[in-house]
Amino acid sequence: MGAKPRCKGWWVWVLVLVILALVAGGVIFAVVKKIKKNSGDDDGAVPGPPGAITQKYSAALKVAVQFFDVQKSGKLVDNKISWRGDSGLKDGSDAKLDLSKGMYDAGDHMKFGFPMAYTATVLSWAILEYGDHMDAVNQLKTSQASLKWITDFLVNAHPKDNVLYIQVGDPKKDHECWYRPEDVTEKRPATQVNTSAPGTEVAAETAAAMASASLVFKKSDAKYSDTLLSHAKKLFTFADKNRGSYSESIPEVQKFYNSTGYGDELLWAAAWLYHATGDKEYLDYVTGENGDEFAQFGKPTWFSWDNKLAGTQVLLSRLTFFGGKDTSDNSGLQKYRKTAEAVICGFLPNSPTATTSRTDNGLIWVSEWNALQQPVAAAFLAALYSDYMLTSGSTKLECDGETYKPSDIRKFVRSQANYVLGDNPMKMSYLVGYGDKYPEYVHHRGASIPANKKTSCKEGFKYLDSTKPNPNVAVGALVGGPFLNETYIDARNNSRQGEPSTYNSAVVVGLLSSLVTTSSAVKSFT
């Protein structure tokens, strides 16, 4: 008789323990889910105003934007980089112009207008799409100021309708030296394109930079915005009416930023001018004969400083998501959207049309020189497209019979960003200044020489050859990245892996801004 109560009590305790386990499990699940969300691994992005901040990407963004300050030329105002000072103050003097501003392209002291204009265009795009994200972590004004530092240079570099200065410095002589930009004393000639020596791609890219930046400053500085737009229109006309590659007009550029064609820049510029003006002539330009000639519909390409087609396709596809009757059903724009879809499908690792150009651990990989350019650019475009889908209510993307959701695209975006930030076989962040381990021997002259050491052109090479880490941290620099076997050699002479670039920084700022939080995509830039 005494056994029954004991048996009953035992089952009661079992039941209590089961209930407690379920409650505890629920609490643990909720905590893990919250941690997962805060680490940027949540797929449940929804439209609306900016939501919770993902600290990992916020911290990385705050680091990335600083590289623009590292690269500034000219009379530095409110200088935030302790080891940088004024430089290039006489740039443009041979042409009686002030070309002191702008930014050095990489670890050297050259101002190459082609990649610099691309930097401005991509940074403008990032601000226009994700300015609310940047603002949520206090990086919007910083990014706008960096953009203006470039566009101020571009305005001065366009003194006449059919003249554009596209380079400051002699690249051959520049690369024979290793010293800080503050110590440069050699003459730095300014090089131009004009009607006799055309440069369609660089003029069109500069037009795209001016048009996109005009939208960024439209509310905060209407007069400056109008100035930029005026330059953009004139530059586009100059580029289109005087077609010719700057690589042919100025053969010396082929060793540095050789262009493989100008059709993509013409479409890219016209697309931005349409967004900036709403003028139908620019829409007709991209959807008419020029689109048929240059757009390479149905053939996915990589987005880079040299090839803007994938960017143009994504940019114009937003009109099919958010445009009115003139654009949403436009058959020409639909061609761009279909090609943009092919581009995105190629990025998704499980897609039937997935590119095989990636490492064993999933990083998009195309070239051993500046390897991170393609994965970061791919992830930025994918982030944009997934947000267009999400905001417009488009629930799926079809890739050769398989369907994918915006969250699937977002997963790819995070995978590339996380790899860059340390989730890789080297367990190292490729963003200098972020995380506990990052490259210490960055191929960058200013970073490699102590700020209190003044050297001549040749004397500085002892710092290039030094076995000591850089005395100055090139904070925010995105280095070239890993080889296909996912190794990285941290050596100052290893420029193919260790040299950062300003144009890569613009794309990584856009990528990180897209991941800082979630919000609805803006339906119009105006």
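Residues numbered from 1 in each chain as written. Predicted model: local features only at pLDDT ≥ 70, side-chain atom pairs only at ≥ 80, totals over all residues. Heavy atoms only, no water.

A. Quick look at the packing of helix α5 (residues 140-156) against helix α8 (residues 222-241). Between α5 and α8, the least distance of the axes is 11 Å, while the angle of their chain directions is 50°. When the axis of α5 is compared with that of α8, the two are oblique. Handedness of the α5/α8 crossing: left-handed. Within the contact between the two elements, α5 uses Lys148, Thr151, Asp152 and Val155 and α8 uses Tyr224, Leu228 and His231. Tallied by class, the residues present in the contact of α5 with α8 amount to 3 nonpolar, 2 polar and 2 charged. (Axes fitted to C-alpha atoms, helices over the stretch in contact; angles between N-to-C directions. Helix = DSSP H or I, 4+ residues; strand = E, 2+ residues; numbered from the N terminus. Parallel < 35°, antiparallel > 145°, perpendicular 65-115°, else oblique. Left-handed = near helix turned anticlockwise from the far one by under 90°. Contact = heavy atoms within 4.5 Å. Nonpolar A, V, L, I, M, F, W, Y, C, P; charged D, E, K, R; others polar.)

B. Spatial organisation of the sheet that holds strand β2 (residues 164-168). Judged by pairing direction, the sheet is antiparallel, and its 3 strands sit side by side in the order β1-β2-β3 without closing on themselves. Each end of this open sheet is capped by a strand with a single partner; those strands are β1 (111-112) and β3 (190-193). Bridging between β2 and β3 involves 4 bridges; their strand directions are antiparallel. The residue of β3 that forms the bridge with Val168 is Ala190. (Pairing = 2+ DSSP bridges.)

C. Here's a closer look at the packing of helix α11 (residues 263-277) against helix α14 (residues 309-322). Running from N to C, α11 and α14 cross one another at 25°; their axes reach a closest spacing of 9 Å. As judged from the angle between their axes, α11 and α14 are roughly parallel. Seen from above, α11 lies across α14 with left-handed handedness. On α14, the residues touching Asp264, Leu267, Trp268, Ala271, Trp272, Tyr274 and His275 of α11 are Leu309, Gly311, Thr312, Leu315, Leu316, Arg318 and Leu319.

D. Region of interest: the nonpolar core. Counting residues in each nonpolar core, the largest one holds 153 residues, and the members touching the most others are Trp125 and Trp272. If you tally residues by element for this core, the top one is helix α4 (residues 113-136), at 13 residues. Once residues within four sequence positions are removed from consideration, Trp125 is found in contact with Trp268, Trp272, Phe303, Gly311, Val314, Leu315, Phe380, Leu381, Leu384, Tyr388 and Phe525. (Core = buried A, V, L, I, M, F, W, Y, C linked by side-chain atoms within 4.5 Å. Buried < 20%, exposed > 50% of the residue type's maximum accessible area, 1.4 Å probe, protein only.)

E. Region of interest: the pattern of salt bridges. Per the stated rule, a full pass over the model turns up 24 salt bridges. With its nearest N and O atoms 3.1 Å apart, the salt bridge here joins Asp69 to Lys72. Taking the relative accessible area as the measure of exposure, Asp69 reaches 11% and is therefore buried. Between Lys308 and Glu205 there is a salt bridge; the shortest N-O distance is 2.7 Å. Of this pair, Lys308 sits in the loop between α13 (289-294) and α14 while Glu205 sits in helix α7 (residues 200-216), and the two are 103 residues apart along the sequence. Relative accessible area serves as the criterion here: at 0%, Glu205 is assigned to the buried category. Linked by salt bridges that have partners in common, Arg84, Arg180, Glu182, Asp183 and Lys454 make up one network. (Salt bridge = Lys/Arg side-chain N within 4 Å of Asp/Glu carboxyl O.)

F. Just the packing of aromatic side chains, in detail. The tally for this structure, following the rule as stated, stands at 26 aromatic pairs. Between the aromatic rings of Tyr257 and Tyr503, the centroid separation amounts to 5.9 Å while the plane-to-plane angle is 85°, which identifies the pairing as edge-to-face. Residue Tyr257 is found in helix α10 (residues 254-257), and its partner Tyr503 is found in helix α22 (residues 502-516); the two are separated by 246 residues along the sequence. Neither residue differs from the other here; Tyr257 and Tyr503 are each classed as buried. Here Lys72 stacks its cationic end above the ring of Trp149, 4.6 Å away from the centre of that ring. The ring of Trp149 carries the charged tip of Lys101 above its face, separated from the ring centre by 4.6 Å. (Phe/Tyr/Trp six-rings, centres within 6.5 Å; stacked < 30°, edge-to-face > 60°. Lys NZ or Arg CZ within 6 Å of the ring centre and 35° of its normal.)

G. Summary view of the environment of Thr455. Among the secondary structure elements, Thr455 is positioned in the loop between α19 (445-448) and α20 (461-464). The buried category is assigned to Thr455, whose relative accessible area is 9%. Aside from chain neighbours lying at most four places away, what touches Thr455 is Trp178, Tyr179, Asp183, Ile449, Gly460 and Tyr463.

H. Structural context of helix α16 (residues 331-347). Spanning 17 residues, α16 covers 25 Å between terminal C-alpha atoms, matching the ideal 24 Å at 1.5 Å per step. Burial analysis of α16 places 12 of its 17 residues in the buried class, the great majority of the element. Of the positions making up α16, those classed as buried are Gly332, Leu333, Tyr336, Arg337, Thr339, Ala340, Glu341, Val343, Ile344, Cys345, Gly346 and Phe347. (Expected span 1.5 Å × (residues − 1).)

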